[in-house]
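Working through the structure, step by step
What follows is each chain in one-letter form.
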Amino acid sequence: MKNIYLSLVFLFFCFTNPLWAQDKDDINDANIASGAIFDDKALLDGYSQKYADESRDILLAMIADDSLGSYKCTAAVRVFKEKYADEVLSDEKPNIIRILIRRLNRSDSPFVQVEIMHTLIILDRYDYFENMVPALIQKMDHYNPVVSTMAYEDLVDITKDSLYTREARIVFETLRKIFFLSRNRLQNVTTPDENLQQKLDLMRWSIKILGTQELKRLPSEVINLL
């Protein structure tokens, strides 16, 4: 039994070291100020600027590359999202979506996950809104503030021009569950912190579309804050 345990530990380090090496390479190649070496936002912004002029095919090849570090992959997805996602033709979407889904399933980086979730919604809003938006809302509670900010900013971008009841319902029900689970903590809140305020803003957006009758379905602690 002890030998099996030691073998599992050995395999763990064998398979995880390349990921650490990838992130180390990301930092070494980032070409940012030395003072920002541990600044996730600076690294992601630096790589996004570095890849800004890459072609669509190069970016997709980077996203598909299993050896690419998480910062580089996140930046490649971001540049593709901002430059090309809105221009993808219908017959091209299935292959591109397969590349993104494969990377999403293989990556444990929250940066990569958040960018891919947003990109999938842009490529096929109807199919991916229902699954990806609740996941992005969950990412708002990530311990890394860069991840939580990315998730919120993506959600604002996704919802800002939407008037669809279906989409508002998905946001409302997701946040409603979160608020009910945290209602004991909310009892003592008089001034929302930034994270809670962002959730309240998204809830207001959904209620604006669904109607004020939805307020009675919320915990009283949330109604007071709204």
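Everything numeric in this text was worked out from a predicted model, so none of it was measured.

For the α-helix, the turn length of 3.6 residues means that residues three or four positions removed from each other point alike. Counted at 1.5 Å a residue, the expected span for helix α8 (residues 145-159) with its 15 residues is 21 Å, and the 21 Å between its end C-alpha atoms agrees. For α8, the set of buried residues is V146, V147, S148, M150, A151, Y152, D154, L155, I158 and T159. Summarising the contacts, the buried residues of α8 are in contact with α2 (40-50), α4 (70-83), α6 (110-123), α7 (125-139) and α11 (194-210). Among the residues of α8, the N-terminal cap falls to N144, whose side-chain oxygen and the backbone nitrogen of V146 are separated by 2.8 Å.

Relative to each other, helix α3 (residues 56-64) and helix α5 (residues 93-106) sit at 30°, their axes nearing to 9 Å. By the criterion of interaxial angle, the relationship of α3 to α5 is roughly parallel. As α3 runs across α5, the sense of the crossing is left-handed. Residues R56, L60, I63 and A64 of α3 form the contact with α5, whose participating residues are I96, I99, L100, R102 and R103.

Here the chain averages 87 in pLDDT, while 83% of its residues score no lower than 70. Scored below 50 in pLDDT, residues 2-22 makes six contacts in the model with residues more than four places away or belonging to other chains. Taken as a whole, residues 33-37 scores under 50 in pLDDT and shows four contacts with residues more than four places along the chain or in a different chain.

This brings us to the layout of surface pockets. As a volume, the second largest pocket reaches approximately 290 Å³. Where the lining of the second largest pocket is concerned, the elements lending two or more residues are α2, α4, α6 and α8. Considering each element in turn, the lining of the second largest pocket owes the most residues, seven residues, to α8. Residues that form the lining of the second largest pocket fall into these classes: four nonpolar, two polar and nine charged.

Quick notes on the rules
- Residues numbered from 1 in each chain as written.
- Predicted model: local features only at pLDDT ≥ 70, side-chain atom pairs only at ≥ 80, totals over all residues.
- Heavy atoms only, no water.
- Helix = DSSP H or I, 4+ residues; strand = E, 2+ residues; numbered from the N terminus.
- Expected span 1.5 Å × (residues − 1).
- Buried < 20%, exposed > 50% of the residue type's maximum accessible area, 1.4 Å probe, protein only.
- Contact = heavy atoms within 4.5 Å.
- Polar contact = N/O pair within 3.5 Å; in protein donor to acceptor, adjacent residues only side chain to side chain.
- Axes fitted to C-alpha atoms, helices over the stretch in contact; angles between N-to-C directions.
- Parallel < 35°, antiparallel > 145°, perpendicular 65-115°, else oblique.
- Left-handed = near helix turned anticlockwise from the far one by under 90°.
- pLDDT = per-residue confidence, 0-100.
- 1 Å grid on protein atoms, 1.4 Å probe; cavity = no way out; pocket = protein on both sides within 12 Å on 5 of 7 lines; lining within 4 Å.
- Points joined across faces, edges and corners; volume = space filled by probe spheres on them.
- Nonpolar A, V, L, I, M, F, W, Y, C, P; charged D, E, K, R; others polar.

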